[in-house]
Amino acid sequence: MLSKKQARAFFLGGTLVTFLIFIGLTIYSFSKGNDQTNRENLTAEVVRGKEIWESNNCMGCHTLLGEGAYYAPELTKVVDRLNIRYDGNGETVIKSILMSPSPWQLNGRKMVAYGMTEQEASDVVAFFNWIGKIDLNGFDRVVSPLAKEKINK
Amino acid sequence: MKYKSQKVAYWFFALSMLLLVLQITYGFVMGFARIGFDNLHEFVPFNVARAVHTNLLVVWLLSGFMGAAYYIIPEEAQRELVNVKLAYVQLISLALVGVTAIVGFHFNIWEGRKFLEIPRPLDYLVVVNVLLFLGLILTTLFKGKRQTTTALVLSMGLLFAALLYLPGMLPFDSQVTDSFFRWWVVHLWVEGVWELIMGGILSFLLIKLTGVDREVIEKWLYVIVGLTFLSGVLGTGHHYYYIGVNKIWLIVGGIFSALEPLAFLAMALFAVNMYRKGEKKHPNKLALYWTLGAAILSFVGAGLLGFAHTLPQTNIYTHGTLVTAMHGHLAFWGAYGMIVLAIISYSLPNMTGRKLYDSSRGRMAFWLANVGMLGMTVAFGVAGVAQVYLERKFKMDFMLVQKEIAIHFVVLVLCASIFATGIILYIIDFYKHGKPSDEALEINE
């Protein structure tokens, strides 16, 4: 029968080994050749876009990379998707929503009116474009315009 | 209650109850908004309600864990808390930081990172607060007459929880890296070190309530927390499938997160077996209800419902849908909400001297809260599965799908009302116990 000492050794040993493997895998997945985070295309615009995304807690309604609040649409491939819906004017539509002084409420759900400047809206679009080019192990296909086709036009 | 200083726990529990009520209130704001009654949008838009709801969850649970530690550690270490005044300072500063953060959310002051919305300057105050808490707890423990496994596991959980807050404060330019390390905090808290805290509290309660030999209980405690880390640490990989990191996580995350229910199953079996084995039948039936309920529902909510969408083949469709909300609600409630209510139910009569062990109000609170939460879980589940099929399989537009599933949120709000009634009854019971008193010291447990 298992003794308390053996049980403690199982806990401490198991924890140590799994933590070491976890750290090893973290280093592996960000190492050159294995990194698929689209880091090389990070521009100052994209970084500013991320800051705007965070400072307005956009994730509190939307989802991005599948993470967020499920109250407003997934934005991982939003530019491509709106390009299909608005005949190649996806970026313009996004910018006009972000710059609008009154709440956007397509289909009834209100979005906060952020009234952004042209520059800020461009930064957010650059951020979305950068997000859209990350290799997401297949999830990008689930939320891509190809998956949506044209039935929702 | 054996030591006067244990009374400080009462005020942490009272803060917990207050924050829980607020959390539920903001939950209703979100529920109604999903049905279409978004009348508060000007003052409390959805992203504010959501940030308040999730952050209050974290703070009321942490306040409950801290209260549990202030109650358990002196009793386990067999000495008074080293400094009671500083414990009150820590309580007040925790409440102030929490309230400041929540008020700030209403004025667009936040970080906008899911679960970690508290703005950076307040993060530093959280660190100071937690360091003060750990200083008090660990000094008490190591100055004490004994260092039991229960106390060590509980303290280790609290210490690691503090350490793991730090990766969430690292700044990253990349959304992917940011998200990757955010999960070090969120996942390794809720599917790692918080389980140590839960295990420690559960072990303490089982020792007190069942009378089973401490050595037996603590041996199995090691096995359970061992299983937790063995599966949970590499199980973090299930958050990495589709956020833009290497495919290796599909394999590692898939295998290890599939093992995660084992730890919860072990915890449920452990609690039920100890109860059956126990010769001592403690009169505090309500504490027993909440204790066994926590062990069983954590297996259902965190273990089974987590497993339901943890494999990469399933998760590619459920990732970013309401299926996650289904799992999240029952997991947090079963594993952490209920264990906090269990330690409160156990300690309250001991701190106040009023032994309201088995009131009908207390039993109603237990059943209504649990039935309500199970109903909410089902509503989220049905809405989530419908969303997956309509949006991800039949390719309907997000907002059209939301309209189709709005009816499930009517059910959700109804079930949430049952849940809220249970919580209100629990709080009335809490209030009826009165304030903690030194006279309770003389009353034999």
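Residues numbered from 1 in each chain as written. Chains lettered and ligands numbered in written order. Predicted model: local features only at pLDDT ≥ 70, side-chain atom pairs only at ≥ 80, totals over all residues.

(A) Representation of the overall build of chain A within the structure. Counting secondary structure elements, chain A contains seven helices and two strands. Helices (α) and strands (β) of chain A occur, in sequence order from the N terminus, as α-α-β-β-α-α-α-α-α. Seen through its principal axes, chain A has C-alpha atoms that stretch 70 × 35 × 35 Å. Scored against the burial criterion, the 153 residues of chain A give a buried share of 38%. The contacts in chain A between residues at least 6 apart in sequence include a share of 58% that link residues at least 24 apart. (Helix = DSSP H or I, 4+ residues; strand = E, 2+ residues; numbered from the N terminus. Buried ≥ 20, exposed ≤ 12 C-beta atoms within 10 Å, placed from the backbone. Contact = placed C-beta atoms within 7 Å.)

(B) Inspection of the overall build of chain B at higher detail. Along chain B, the regular secondary structure elements total 13 helices and zero strands. Beginning at the N terminus, the succession of helices and strands in chain B can be written as α-α-α-α-α-α-α-α-α-α-α-α-α. Taking 445 residues into account, the globule formula puts the C-alpha radius of gyration at 22 Å, and chain B, at 21 Å, falls close to it. The 445 residues of chain B split such that 59% are buried. Sequence-distant contacts, at least 24 apart, represent 82% of the contacts inside chain B between residues at least 6 apart. (Rg over C-alpha atoms; globule rule 2.2 N^0.38 Å.)

(C) Geometry of helix α11 (residues 322-352) of chain B. With 31 residues, α11 of chain B extends 42 Å from end C-alpha to end C-alpha; this agrees with the ideal 45 Å at 1.5 Å per step. Where α11 of chain B bends most, at tryptophan 333 of chain B, the angle is about 40°. (Expected span 1.5 Å × (residues − 1). Bend = angle between axes of the 7 residues up to and from the residue.)

(D) Region of interest: helix α13 (residues 398-432) of chain B. Helix length check: α13 of chain B (35 residues) gives 48 Å between terminal C-alpha atoms against 51 Å at 1.5 Å per residue, within 8%. At isoleucine 405 of chain B, α13 of chain B shows its largest bend, some 40°.

(E) How the structure looks around the packing of helix α6 (residues 175-210) of chain B against helix α8 (residues 248-277) of chain B. Residues and elements named next belong to chain B. Relative orientation of the contacting elements α6 and α8 amounts to 5°, with a least axis distance of 10 Å. Considered as vectors, α6 and α8 are oriented roughly parallel to each other. Facing Glu191, Glu195, Leu202, Leu206 and Thr210 of α6, the residues of α8 in contact are Glu260, Ala263, Met267, Ala271, Met274, Tyr275 and Lys277. Of the residues assigned to the contact of α6 with α8, the class counts are seven nonpolar, one polar and four charged. (Axes fitted to C-alpha atoms, helices over the stretch in contact; angles between N-to-C directions. Parallel < 35°, antiparallel > 145°, perpendicular 65-115°, else oblique. Nonpolar A, V, L, I, M, F, W, Y, C, P; charged D, E, K, R; others polar.)

(F) Representation of the nonpolar core in the model. Ile201, Met267 and Ile339 of chain B are the most contacted members of the largest nonpolar core, which totals 190 residues. Ranked by residue count, the leading element in this core is helix α2 (residues 46-77) of chain B, at 21 residues. Shared between two domains, this core takes at least three residues from each, and those domains are domain 1 (1-35) and domain 2 (43-148) of chain A. Contact partners of isoleucine 339 of chain B, with chain neighbours within four places excluded, come to Met198, Ile201, Leu202 and Ala294 of chain B. (Core = buried A, V, L, I, M, F, W, Y, C linked by C-beta atoms within 7 Å. Domains from an automatic or database assignment.)

(G) Representation of the interface of chain A and chain B in the model. Each partner contributes residues to the interface: chain A has 61 residues there, and chain B has 58 residues. Every element with two or more residues in the side of chain A that touches chain B is listed here: α1 (4-30), α2 (44-55), β2 (67-68), α6 (139-142) and α7 (145-148) of chain A. For the side of chain A that touches chain B, the residue count by class is 29 nonpolar, 20 polar and twelve charged.

(H) The domain arrangement of chain A, seen in detail. By the assigned domains, chain A splits into domain 1 (1-35) and domain 2 (43-148). Spacing between the C-alpha centres of domain 1 of chain A and domain 2 of chain A amounts to 38 Å.

(I) The confidence of the model for chain B, seen in detail. All names here are of chain B. Taken over all residues, the pLDDT of chain B has a mean of 95, while the share at 70 or more is 99%. Within chain B, helix α1 (residues 8-35) carries the highest mean pLDDT (98), whereas helix α5 (residues 149-163) carries the lowest (94). Model confidence for the complex: the whole-complex pTM is 0.95, and ipTM, which rates the interface, is 0.94. (pLDDT = per-residue confidence, 0-100.)

(J) Up close: the packing of α2 of chain B against helix α4 (residues 120-143) of chain B. All names here are of chain B. Running from N to C, α2 and α4 cross one another at 15°; their axes reach a closest spacing of 9 Å. Relative to α4, α2 is oriented roughly parallel. Read as a crossing pair, α2 and α4 show a hand that is left-handed. Residues Met66, Ala69, Ile73, Pro74 and Ala77 of α2 lie in contact with α4, whose contacting residues are Phe133, Ile137, Thr140 and Leu141. (Left-handed = near helix turned anticlockwise from the far one by under 90°.)

(K) How the structure looks around unusual backbone geometry. Although it is not a glycine, asparagine 38 of chain A sits at a positive phi angle of roughly 65°. Examined against the element boundaries, asparagine 38 of chain A turns out to sit in the loop between α1 and α2. Even without glycine at this site, glutamine 78 of chain B takes up a positive phi of about 60°.

(L) Highlighting the environment of alanine 126 of chain A. Residue and element names in this part refer to chain A. Within the fold, alanine 126 resides in helix α5 (residues 118-132). Using a count of 21 C-beta atoms within 10 Å as the deciding quantity, one classes alanine 126 as buried. Not counting residues up to four positions away in its chain, the partners in contact with alanine 126 are Thr43, Glu45, Val46 and Gly49.

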